[in-house]
Amino acid sequence: MKRPSSWLMLLSIFAIVGLSCTSVLHAQDAAEVVETAAAYTYDWSKSEVTPEMFAVNNLWIMIAAMLVFIMHLGFAMVESGLTRAKNTVNILFKNTMIPMIGIVMYAVCGWLIMYPGDSWIVDGVFAFGFGIGGGGIYNGGDVLYEGITPAYSTGYTVWTDFLFQGMFAATCATIVSGAVAGRVKLLPFLIFSILFVGILYPITGSWKWGGGWLDARGFADFAGSTLVHAVGGAGALAGALILGPRIGKFGKDGTVHPIPGHSMPLATIGVFLLWFGWFGFNGGSELSADPAGVSYVLVTTTIAACGGGIACAICSWVVGGKPDLSMALNGILAGLVGITAGPDTPTWIEALLGIGAVSGVLCYFAVLFFDKLKIDDPVGAISVHGVCGIYGTLCVAIFGDMSLLGIQALGTAVCFITSFVFAAVVFGILKATMGIRVTEEEEIEGLDLGEHEMAAYPDFQRTYIKSYEAGEI
Amino acid sequence: MKRPSSWLMLLSIFAIVGLSCTSVLHAQDAAEVVETAAAYTYDWSKSEVTPEMFAVNNLWIMIAAMLVFIMHLGFAMVESGLTRAKNTVNILFKNTMIPMIGIVMYAVCGWLIMYPGDSWIVDGVFAFGFGIGGGGIYNGGDVLYEGITPAYSTGYTVWTDFLFQGMFAATCATIVSGAVAGRVKLLPFLIFSILFVGILYPITGSWKWGGGWLDARGFADFAGSTLVHAVGGAGALAGALILGPRIGKFGKDGTVHPIPGHSMPLATIGVFLLWFGWFGFNGGSELSADPAGVSYVLVTTTIAACGGGIACAICSWVVGGKPDLSMALNGILAGLVGITAGPDTPTWIEALLGIGAVSGVLCYFAVLFFDKLKIDDPVGAISVHGVCGIYGTLCVAIFGDMSLLGIQALGTAVCFITSFVFAAVVFGILKATMGIRVTEEEEIEGLDLGEHEMAAYPDFQRTYIKSYEAGEI
Amino acid sequence: MKRPSSWLMLLSIFAIVGLSCTSVLHAQDAAEVVETAAAYTYDWSKSEVTPEMFAVNNLWIMIAAMLVFIMHLGFAMVESGLTRAKNTVNILFKNTMIPMIGIVMYAVCGWLIMYPGDSWIVDGVFAFGFGIGGGGIYNGGDVLYEGITPAYSTGYTVWTDFLFQGMFAATCATIVSGAVAGRVKLLPFLIFSILFVGILYPITGSWKWGGGWLDARGFADFAGSTLVHAVGGAGALAGALILGPRIGKFGKDGTVHPIPGHSMPLATIGVFLLWFGWFGFNGGSELSADPAGVSYVLVTTTIAACGGGIACAICSWVVGGKPDLSMALNGILAGLVGITAGPDTPTWIEALLGIGAVSGVLCYFAVLFFDKLKIDDPVGAISVHGVCGIYGTLCVAIFGDMSLLGIQALGTAVCFITSFVFAAVVFGILKATMGIRVTEEEEIEGLDLGEHEMAAYPDFQRTYIKSYEAGEI
Amino acid sequence: MHMIEAVVKPYAIDKIKAKLSELGIFGCTAIECKGFGKQKGHTERYRGARIDVGFVPKVLLKIAVKSEDMEKAIDAITTSARTGSVGDGKLFVYSLTKVVRVRTGEEDNDAL
Amino acid sequence: MHMIEAVVKPYAIDKIKAKLSELGIFGCTAIECKGFGKQKGHTERYRGARIDVGFVPKVLLKIAVKSEDMEKAIDAITTSARTGSVGDGKLFVYSLTKVVRVRTGEEDNDAL
Amino acid sequence: MHMIEAVVKPYAIDKIKAKLSELGIFGCTAIECKGFGKQKGHTERYRGARIDVGFVPKVLLKIAVKSEDMEKAIDAITTSARTGSVGDGKLFVYSLTKVVRVRTGEEDNDAL
Ligand SMILES: Nc1ncnc2c1ncn2[C@@H]1O[C@H](COP(=O)(O)OP(=O)(O)O)[C@@H](O)[C@H]1O
Ligand SMILES: Nc1ncnc2c1ncn2[C@@H]1O[C@H](COP(=O)(O)OP(=O)(O)O)[C@@H](O)[C@H]1O
Ligand SMILES: Nc1ncnc2c1ncn2[C@@H]1O[C@H](COP(=O)(O)OP(=O)(O)O)[C@@H](O)[C@H]1O
């Protein structure tokens, strides 16, 4: 008797989305500003930047948005590569839905929660509004829908801004997706994603990037070590804790039974695409095509990735005994997450060793540590995004202005805890109401059959003869 | 005794290409215009745009061309992912050859058929010319080979234009490739592709984008819902009809036996890459880097993709009972095809619900519908590109100027029918002469062995024990 | 008792990298120039290009660097796709480490070896310096750290330059990686890569791009047919010769037993990504966003790829009897390598037939030829990069100024031989000291188990029943 | 009790299963295998060289039957799998000493 | 000497192996197979249509034992694989004429 | 008639096939399997933890022979597969009650 409840849930999702859309539509009608882009004209003579410079800036941010978009494919590949073949359809489905949900929720309300302009509900802490407005000032009252003029920004049009920020938003929920893979029920997870992307992410985001209280106190987070990665990592931690480990991951005697990912090529594709996308993630966060600024950011970003990957690989070789590809890949991501809070200031040596390599080493031991704690994180999301996100945020002070250390620590802690609590409450409620974990039988047979009645690789003979796991096939 | 005939065919292909090349070479010699790009200089003072703006515009169109290029990898992945492992080499081969054939044929004659300038043979209906000329005015007589100047366009050089349009061209034949997968003979299909890309696509294209009769009547097709997708979909329909379904797809009692795709990760990679490429497909069709125009187009494109994917996924969940990944992926493409005719005008709500979501739903039911009709389309090309291409073309009127509805309907119908007839005739002639379908034995063993004597995955044990198909392995 | 020696090696790598880093750091401190990008300001009024043009140029080179970056994923996919499933983790590991090693070594010393400005140690032949300096003039003495100003270049900032050149550097070692796949020991190969990327590549590179003796004599190599590809191909040849063929590749009676690649989709993904990246490789080598120059280069690059792919596919069809996907893919790369030395001058017909198609045909017969010689090159690296690299270099003269033929031949020969000797010496020393080939048992079981104790596809049943190889499984 | 091992072409499985069901024989275990017999394997090519792939994909069906059902079962399998061309397959029959159903511990004919 | 063929659920392997080791039986060969019995296969879907996948993944264990060890071995396997639900599997036993260890050429009981 | 089941190292297949052909024995069915015996499996690692992979990839060859060919066949297989190191494999022989060629319906020795 599962169907009726899924129906109900789906209908209510529909209803919520529909209602919010209608309200936006109505508001737009009321204001009589439903104009299309084609109608905008701008008197360039009043602009601070020349039309050419505006076009270049805007072009770069659009391209950066596309690069961030491709990160979603990267996440999909890393997560499916590092989990079992029997859960592949499920993971791909989640990672296909999340960016779509993220962008839609960001259009519905996320953007105006995150960039409220002056229209805070609780000053510096919380705002709300519906729709893709005109640069944060479109939320009900006095509508200003200039859209594309440089008055909105010297760097890009309002649409470019939305695209870039919307692409960012969904990455947060994707991070969680990896940590709960292999056992979470699909529908509750989608509901969690809607709330996480649509509410939590923009709220913590508004504290810094929306000009909220953290921003006012000088907190620095260039492209989101805290606002995206630590926040996502905290959600991942909450999810992994509440769900419990996959069957067979931990023996009764406390031993760890690794559950190897089913396709190393997919994991490798994923990490390279994430690195590729990170050029847009960090480089685009310069918010203009400023040659010096962007190119410097790209160099430190690249070098930190190298430092993280090499360090983590060496760790696995020297400490673990063999060079571990999955660790090298995680190390690259760790270095990238670490540099994200402040790619604009460190020297390349600091980026390589102080930020990249240290993040890589941190990530290596964090993976072992969470295994020790019996927290099962199939793709290492908590270690990569949570731990290195926090470390990266602190790096802004460590390798820059040490006086910032206090606010950096406070900012990352508050955001992490807020996200953790939010995720824990949402997962808790979902667990109590509809359940968040699939049945043991379904987990063993794989979520592809249980949730989707589909096989990811129907033409290949899978192997069940191995001693990989205690009790799981 | 197959070899001699293949030899003959190959030789004649060679001959045709060689001859046309020579003729072009000769023409060029005659006109003494074989100059290289390095030789062009331009007096910018006469230009309408500044050199900087020209450089930005040109850069964006070049990048858009690269993005459209990567769509070919996307198609290759979607099509191989959604078909059987035993046909993978064949599909990859076709999808590797098609863009190359497309670009070469576009250089040989396609471009000058499509953009004849004033040199129509039948006014507004048909033109012809050889080679990469100077903006459509290079076709025999008075050669004007200005090439790269803004006089050609304020947006880009003649080479950029060729690159962007050439990348577009090949997508059309690729669409057909998916629908005939798993049973079509390789050589006839390549011949079909040469004719489809080199003749049919540029002819229908010239009617609108080349300034032909549809353009004169106010038909609107921003980036090709009709000119690329419906035309490709019509070819796919013709091909699927003439070939007949794969063995085992339909039971004698009329039941549908789905033949699952062999790799969901490949299909997912493909759809994400197509979405990524679509930023260039639609965004580049703005034909400049105009910040307002391009960024708006990117937003509606993205949001329509989300609408299509979410709607199709919900359909499969609510109507079909389980969330179907292959449908979610098809839905994304449906949304993208739908918005392609007019991404520059709808509001985001229209793009999300009116265009994207409706296309997704249409696509879902179209897949079921063509199955009912016993038309076997392995990857859903007819539903995605044909049906949604037509719907998208109508959307320009529905969500814009309703007075256009007539010409939109006429335009898409004429193009669809022209393409269908052309494809049917070509496939018909090929069927009568050399045959277009592999033998039953080859189909069952897989086209990889029959056509290529190669295996796509020789290191993996394939599974033959399943009840997937009636009579097929 | 392997562990102690690996430890030692790892520690010494660590030590070398650490020491060089420290020396750089120290030098930087001494000069008191550790400033961040943000601090740079420039008086644009003195510039030769406008700020807008500088931003466009810089943006294109940054994007080109990203495109070259994605080529590393392309190489990883081609190489793993064209080798056995049992060696996949090993190949992915190598191809993940190489770009990281390449970029770090380039930062440590490669860049200043390659672009010494006026600070040659042996004039036009050899230079040396540590760190990412200010455009080649930062190597000890008089530090000039202007960094980002147009005085460095009218095209891009010093950081953009480093990024673009650093991404290039690593491709060289990656080419070698493919030829030695399936039997080379991991650690010696990584040591080889460090030396090859950090020393050899920048030395031969400096002869032309750094303004050395080849440049002075008028040698032309636009984007590196010789400096990247022939040099890489020579290293590949040395490696393949010294290692010897894989077990079972050649029968005692001289027969060739092909060892098929394990995944054609991965190989296809790889080639498309390489093509995609080549837009940046060649297009970026224009070193500005000059609309005419870049777009022309992109067109010839694309058309040469088409020519190579089609020609090689037809060869395999007509000569070999069946259309061979792996050959079509190699042919595309061959065409791309061929056009790389001079994509700025040939007409499109020359690019298609004279350069692309001839390279494709060359590549086809070169593969057969090296098989005849019993040189085992699993992915065809020597044929594609070595042979076509040399041919491409000559094409600059053949399809341009024939008077250059002498210097073109001399330049490519000297670079090829230098690289071959260097690689042979390094591999020779490594062979004598630590051994470079895995044990027979490890080779048969696969390097994934031996070197990494990991499986690339643990969930799939592999097949061992086939007559593919004589004596190998 | 006898065990019938039938090496057949993969797409004969469905027909065989259906026929056996009619006879009231429901249990069956199928194994992927590769066969070598009168039917020749195929040739593959890779980068210009030929490979002789001697084995042909087949399915090995194991069907344990009561001795009294043996003839009927053999008949059912043979007729459903026969197409008349080489490679149709072979049947091997041997006698079983014991059969046990794991779930209940039932033995021999009770377990079938 | 007898050969025991046990068709069991995949995740019973580890338990069975451990139990047999206790009895001093070390050799064993495992084959992936698909079973069809009282336990029904599952349904799959693809693009709006249903597929009936009749077979369930199982593992076939082959264990050759000295005749005197047979009963113990059967017992060990049955008890370790039993969960009490359909699909637990079946055991088939037949007698061997000969066993040879390839490495040494030892025969019969010496080879086990 | 006897069935010889030989569990051998994968790369011995070609040699065995060649040897058997010399004896005039052409039919043979091969199955991928995993063996557990004196030869130890290997260890794998993943993200810092170890996994013990007990089974080693082997191939199970099934060769039905006329009783008079049995000894020769066993000999041929044993000698071609022997390398002298652990893991060379084992041979199991049992007698067949019946053999049927599906294509023609021929039985027993005629079918071999
Ligand atoms: N002597 C044998 N021992 C084991 N398996 C055999 C033997 N002979 C044939 N087979 C199996 O039977 C299959 C069919 O045999 P084949 O001789 O090709 O068919 P047929 O003679 O019936 O046309 C082979 O692929 C092989 O798997
Ligand atoms: N008659 C048979 N011949 C061969 N294999 C059988 C037979 N009956 C059952 N099996 C195998 O045993 C497995 C378990 O059988 P099933 O009837 O589902 O179990 P149970 O009755 O013990 O619950 C099946 O999946 C099948 O592989
Ligand atoms: N008692 C047995 N029952 C079934 N298969 C066995 C048995 N003993 C060994 N085998 C199979 O034979 C293979 C070789 O056995 P092993 O003891 O390693 O070889 P050897 O003793 O000849 O060196 C094993 O991998 C296993 O598949």
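Structure: see above.
Just so you know, these numbers come straight off a predicted model, no measurement behind them. (Residues numbered from 1 in each chain as written. Chains lettered and ligands numbered in written order. Predicted model: local features only at pLDDT ≥ 70, side-chain atom pairs only at ≥ 80, totals over all residues. Heavy atoms only, no water.)

Caption draft 1: Representation of the overall build of chain D in the model. Each helix and strand in chain D was counted, giving three helices and seven strands. Overall, chain D shows an N-to-C arrangement of helices and strands of β-α-β-β-β-β-α-β-β-α. For chain D, whose C-alpha radius of gyration is 17 Å, the value lies well above the compact-globule estimate of 13 Å for 112 residues. Its C-alpha atoms put chain D at 60 × 30 × 20 Å along the principal axes. Evaluated residue by residue, chain D yields a buried proportion of 59% over its 112 residues. Of the contacts made within chain D by residues no fewer than 6 positions apart, 73% connect residues no fewer than 24 positions apart. Surface summary for chain D: the accessible area is close to 4,200 Å², and the carbon and sulfur share equals 50%. Charge-centre separation for chain D: the mean point of 19 positive side chains lies 10 Å from the mean point of 15 negative side chains. (Helix = DSSP H or I, 4+ residues; strand = E, 2+ residues; numbered from the N terminus. Rg over C-alpha atoms; globule rule 2.2 N^0.38 Å. Buried < 20%, exposed > 50% of the residue type's maximum accessible area, 1.4 Å probe, protein only. Contact = heavy atoms within 4.5 Å. Areas by Shrake-Rupley, 256 points an atom, 1.4 Å probe, with all protein chains shown as cover. Lys, Arg positive; Asp, Glu negative; His and termini not counted. Charge placed at Lys NZ, Arg CZ, Asp CG, Glu CD.)

Caption draft 2: Broad picture of the interface of chain A and chain C. Facing 63 residues of chain A, the contacting portion of chain C comprises 68 residues. For the pair chain A and chain C, the number of links is one salt bridge. Here C:Asp459 and A:Arg84 are joined by a salt bridge, their closest N and O atoms 3.0 Å apart. Tallying contributions element by element places helix α9 (residues 291-318) of chain A first for the side of chain A that touches chain C, with 17 residues. (Salt bridge = Lys/Arg side-chain N within 4 Å of Asp/Glu carboxyl O.)

Caption draft 3: View of the side chain of A:Thr340. Position of A:Thr340 among the secondary structure elements: in the loop between α10 (325-339) and α11 (348-372). We classify A:Thr340 as buried; its relative accessible area is 0%.

Caption draft 4: Molecular detail of the relation of the copies chain A and chain C. Between chain A and chain C, which share one sequence, the superposing operator has a rotation angle of 120° and an axial displacement of 0.0 Å; the RMSD is 0.0 Å. Between the two chains, the operation in question is that of a three-fold axis. For chain A, the minimum C-alpha distance to the rotation axis belongs to A:Gln461 and amounts to 3.2 Å. Comparing contact sets, just 14% of the residues at the interface of chain A also lie at the interface in chain C, consistent with a heterologous contact between different surfaces. (Least-squares fit on C-alpha atoms with pLDDT ≥ 70 in both.)

Caption draft 5: Unusual backbone geometry, seen in detail. Even without being glycine, D:Asp108 reaches a positive phi, approximately 45°. Among the residues examined, D:Asp108 registers a relative accessible area of 26% and is labelled partly exposed.

Caption draft 6: Looking closely at the relation of the copies chain F and chain D. For the pair chain F and chain D, the superposition axis carries a translation of 0.0 Å, the fit reaches an RMSD of 0.0 Å, and the rotation angle comes to 120°. When the interface residues of chain F are mapped onto chain D, a mere 12% of them again fall at the interface, so the copies present different faces.

Caption draft 7: Quick look at the pairing of strand β1 (residues 2-8) of chain F. Residue and element names in this part refer to chain F. Across the seven residues of β1, seven count as buried, placing the element largely inside the fold. Taking every second residue as pointing to the same face, both faces of β1 are buried, with His2, Ile4, Ala6 and Val8 on one and Met3, Glu5 and Val7 on the other. Of the pairings in the sheet, the one linking β1 to strand β5 (residues 56-65) comprises seven bridges and is antiparallel in character. Paired with Ile4 across the two strands is Ile63, which belongs to β5. Bridge count for β1 against strand β6 (residues 89-95) is seven bridges, and the pairing is antiparallel. (Pairing = 2+ DSSP bridges.)

Caption draft 8: Here's a closer look at the packing of aromatic side chains. In this structure the tally under the stated criterion is 71 aromatic pairs over all chains. Ring geometry for C:Tyr106 against C:Phe162: centres 6.1 Å apart, planes inclined by 35°, an arrangement best described as tilted. On the criterion of sequence distance, the pair formed by C:Tyr106 in helix α3 (residues 88-114) and C:Phe162 in helix α4 (residues 158-179) is long-range, its members being 56 residues apart. Relative accessible area serves as the criterion here: at 0%, C:Tyr106 is assigned to the buried category. Of the residues examined, C:Phe162 reaches a relative accessible area of 1% and is grouped as buried. Three or more aromatic residues joined by ring pairs form one cluster here, namely A:Tyr457, A:Phe460, B:Tyr457, B:Phe460, C:Tyr457 and C:Phe460. A cation sits over an aromatic face here: C:Lys94 above C:Phe189, 4.8 Å from the ring centre. (Phe/Tyr/Trp six-rings, centres within 6.5 Å; stacked < 30°, edge-to-face > 60°. Lys NZ or Arg CZ within 6 Å of the ring centre and 35° of its normal.)

Caption draft 9: Structural detail: the site of ligand 1. What surrounds ligand 1 is a group of 21 residues, the closest being D:Lys38, D:Gly87, F:Thr29, F:Ala64 and F:Arg103. Residues lining ligand 1 come from chains D and F. Contact between ligand 1 and F:Ala64: a nitrogen atom at 2.8 Å from a main-chain N or O atom of the residue. Burial of ligand 1 by the protein chains amounts to 98% of its free accessible area of 560 Å². Mapped by element, the contributors of at least two residues to the shell around ligand 1 are β2 (28-36) and β6 (89-95) of chain D together with β2 (28-36) and β5 of chain F. Looking at side-chain class alone, the shell around ligand 1 contains eight nonpolar, seven polar and six charged residues. (Near = heavy atom within 4 Å. Polar contact = N/O pair within 3.5 Å; in protein donor to acceptor, adjacent residues only side chain to side chain. Nonpolar A, V, L, I, M, F, W, Y, C, P; charged D, E, K, R; others polar.)

Caption draft 10: Up close: the pairing of strand β2 (residues 28-36) of chain E. In terms of residue burial, β2(E) counts as a mostly covered element, since eight of its nine residues are buried. The sheet contact formed by β2(D) and β2(E) spans three bridges and is antiparallel. Looking at β2(E), one finds that D:Ala30 is bridged to E:Lys34. Relative to strand β5 (residues 56-65) of chain E, β2(E) is paired through seven bridges, and the arrangement is antiparallel. Across the sheet, residue E:Ala30 finds its bridge partner in β5(E), namely E:Leu61.

Caption draft 11: Here's a closer look at the site of ligand 2. Taken together, the neighbourhood of ligand 2 is formed by 21 residues, with D:Thr29, D:Ala64, D:Arg103, E:Lys38 and E:Gly87 sitting nearest. Around ligand 2 the close residues trace back to chains D and E. Residue D:Thr29 places a side-chain N or O atom 2.8 Å away from an oxygen atom belonging to ligand 2. Between ligand 2 and E:Lys90 there is a distance of 3.0 Å, counted from a nitrogen atom to a side-chain nitrogen or oxygen. Its free accessible area being 560 Å², ligand 2 has 98% of it covered by the protein chains.

Caption draft 12: Inspection of the environment of E:Val8 at higher detail. All names here are of chain E. Within the secondary structure layout, Val8 lies in strand β1 (residues 2-8). Val8 sits in the buried class, given a relative accessible area of 0%. On a C-alpha basis, the gap between Val8 and Ser95 in space is 20 Å, while along the polypeptide they are 87 residues apart. Discounting residues that sit within four places of it in the chain, Val8 has contacts with Ile16, Lys58, Val59, Leu61, Ala81 and Asp88.

Caption draft 13: Main features of the interface of chain F and chain D. Contacts between chain F and chain D engage 25 residues on the former and 30 residues on the latter. Each partner contributes to the roughly 2,300 Å² buried at the junction of chain F and chain D, and carbon and sulfur atoms together form 61% of this total. Taken as a group, F:Lys98, F:Val102 and F:Arg103 account for 31% of the area that chain F buries against chain D, more than any other trio of residues on that side. For the pair chain F and chain D, the number of links is 11 residue pairs in polar contact (both at pLDDT 80 or more). Of all the elements in the fold, those that place two or more residues in the side of chain F that touches chain D are α1 (13-22), β2, β5, β6 and β7 (98-101) of chain F. Looking at the side of chain F that touches chain D residue by residue, the classes come out as 14 nonpolar, six polar and five charged. (Buried area = accessible area lost by both parts, 1.4 Å probe.)

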